[in-house]
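Coordinates in review
Residue-level listing of the chains:
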Amino acid sequence: MEIIILENSIKLIPMTSELYHKERMNYIADPMMCDIPYVYDRENAQKDFDKKIHDKNRRWFAIVQNTNVIGNVYYKNINFEKKTAVLSIALTQDIHKGKGYGTVVEKKMLEYGVNQLGLQIVYADTVLRNTRSQHVLEKVGFKYINEDSDFIYYEYTKN
Ligand SMILES: CC(C)(COP(=O)(O)OP(=O)(O)OC[C@H]1O[C@@H](n2cnc3c(N)ncnc32)[C@H](O)[C@@H]1OP(=O)(O)O)[C@@H](O)C(=O)NCCC(=O)NCCS
């Protein structure tokens, strides 16, 4: 995996232990997604990193602006036969949100998923109250599939 350069001094850098700890230390849970505050714990973060980094069906990037880790974005559950995957993103703090970064990162990840991973369908989901995420997913080309009592489900189909 290579570093992907975007606008606004943003880069997607393949996740490393060091970047993940920085991301976790900066992370403040967003009430649109989760009611429970996040508390950084070095050991738990390392366990989480070790589990995820060895997952062959994941492609995971730190979202870095200049030298600051402002989020993470990844494909999980990549199925290379079916050419499908699930996209997920989180910026660490409110100061980074609403500035267009999520939109450019999601667009770039779709381009990467289609061109580099050969994906034909990308899935995403958001909790019902996360209207900002829903808006951004729809803006970059995801279509509503359905919803249940907790989540709304989306899919993006390669043109
Ligand atoms: C969801 C997230 C990735 C979006 O990234 P972002 O950089 O904040 O989004 P952008 O600035 O690119 O775009 C925000 C858009 O949502 C709109 N918006 C802002 N608040 C909104 C709300 N409460 N309801 C609906 N739309 C909203 C903005 O007007 C903007 O749309 P526009 O460009 O058409 O004007 C980011 O906010 C985030 O990390 N949130 C917490 C984690 C999360 O929700 N992850 C997604 C779960 S899968």
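As a starting point, this report considers the structure included with it. Since this is a predicted model, take the numbers as computed values, not measurements.

About the cut-offs
Residues numbered from 1 in each chain as written. Predicted model: local features only at pLDDT ≥ 70, side-chain atom pairs only at ≥ 80, totals over all residues. Heavy atoms only, no water. Buried < 20%, exposed > 50% of the residue type's maximum accessible area, 1.4 Å probe, protein only. Helix = DSSP H or I, 4+ residues; strand = E, 2+ residues; numbered from the N terminus. Contact = heavy atoms within 4.5 Å. Near = heavy atom within 4 Å. Polar contact = N/O pair within 3.5 Å; in protein donor to acceptor, adjacent residues only side chain to side chain. Areas by Shrake-Rupley, 256 points an atom, 1.4 Å probe, with all protein chains shown as cover. Pairing = 2+ DSSP bridges. Axes fitted to C-alpha atoms, helices over the stretch in contact; angles between N-to-C directions. Expected span 1.5 Å × (residues − 1).

Observations concerning helix H1 (residues 17-26)
Turning to H1, its buried residues number three or more, namely Leu 19, Tyr 20, His 21, Glu 23 and Arg 24. Looking at the buried side of H1, the elements it contacts are strand E2 (10-14), helix H2 (42-53), strand E3 (59-65) and strand E4 (68-79).

Points about the site of the ligand
Near the ligand there are 21 residues, and of these Leu 91, Gly 100, Thr 103, Asn 130 and Lys 139 occur at the shortest range. Between the ligand and Ile 89, the relevant distance is 2.8 Å, taken from a nitrogen atom to a main-chain nitrogen or oxygen of the residue. Within the side chain of Thr 103, an N or O atom sits 2.5 Å from an oxygen atom of the ligand. Considering the ligand on its own, with 950 Å² of exposed area, one finds that the protein chains cover 75% of that surface. Broken down by secondary-structure element, the contributors of at least two residues to the shell around the ligand are strand E5 (84-91), helix H3 (101-115) and helix H4 (131-139). When residues of the shell around the ligand are assigned to their parent elements, the largest contribution, six residues, is made by H4.

Some remarks on the sheet that holds strand E6 (residues 121-127)
Reading across the sheet, the eight strands line up as E1-E2-E3-E4-E5-E6-E8-E7 and stay open at both edges, with mixed pairing between neighbours. Pairing within the sheet leaves two strands with one partner each, and these edge strands are strand E1 (4-5) and strand E7 (143-147). As paired strands, E7 and strand E8 (residues 151-157) are joined by four bridges and run antiparallel to one another. Bridge pairing in E8 links Tyr 144 to Tyr 154. H1 rests against E2, E3 and E4 of the sheet, and its axis sits at about 115° to E4. Contacting E6 and E8, H4 runs over the sheet at an angle of about 160° to E6.

Considering the side chain of Asn 72
Among the structural elements, Asn 72 can be located in strand E4. Of note is the side chain of Asn 72, whose polar atom sits 2.8 Å from the side chain of Trp 60. The residues contacting Asn 72, other than those within four sequence positions of it, are Met 15, Glu 23, Trp 60, Phe 61, Ala 62, Ile 63, Ser 88, Ile 89 and Ala 90.

Here's the deal with unusual backbone geometry
Unlike most non-glycine residues, Asn 77 shows phi in positive territory, near 50°. On the secondary structure map, Asn 77 appears in strand E4.

Some points on H2
When the terminal C-alpha atoms of H2 are compared, their 16 Å separation across twelve residues agrees well with the 16 Å that a helix rising 1.5 Å per residue should span. Elements that come into contact with the buried residues of H2 comprise H1 and E3. Near the N-terminus of H2, the side chain that reaches the backbone nitrogen of Glu 43, with its oxygen 3.2 Å away, is that of Asp 41.

Notes on the environment of Ile 78
With respect to the helices and strands, the residue Ile 78 is situated in strand E4. For Ile 78, a relative accessible area of 4% gives the class buried. Once the C-alpha coordinates of Ile 78 and Ala 62 are considered, the two residues, 16 residues apart in sequence, prove to be 18 Å apart. Every residue in contact with Ile 78, bar those within four places of it in the chain, is listed here: Asn 57, Arg 58, Arg 59, Thr 84, Ala 85, Leu 117 and Leu 119.

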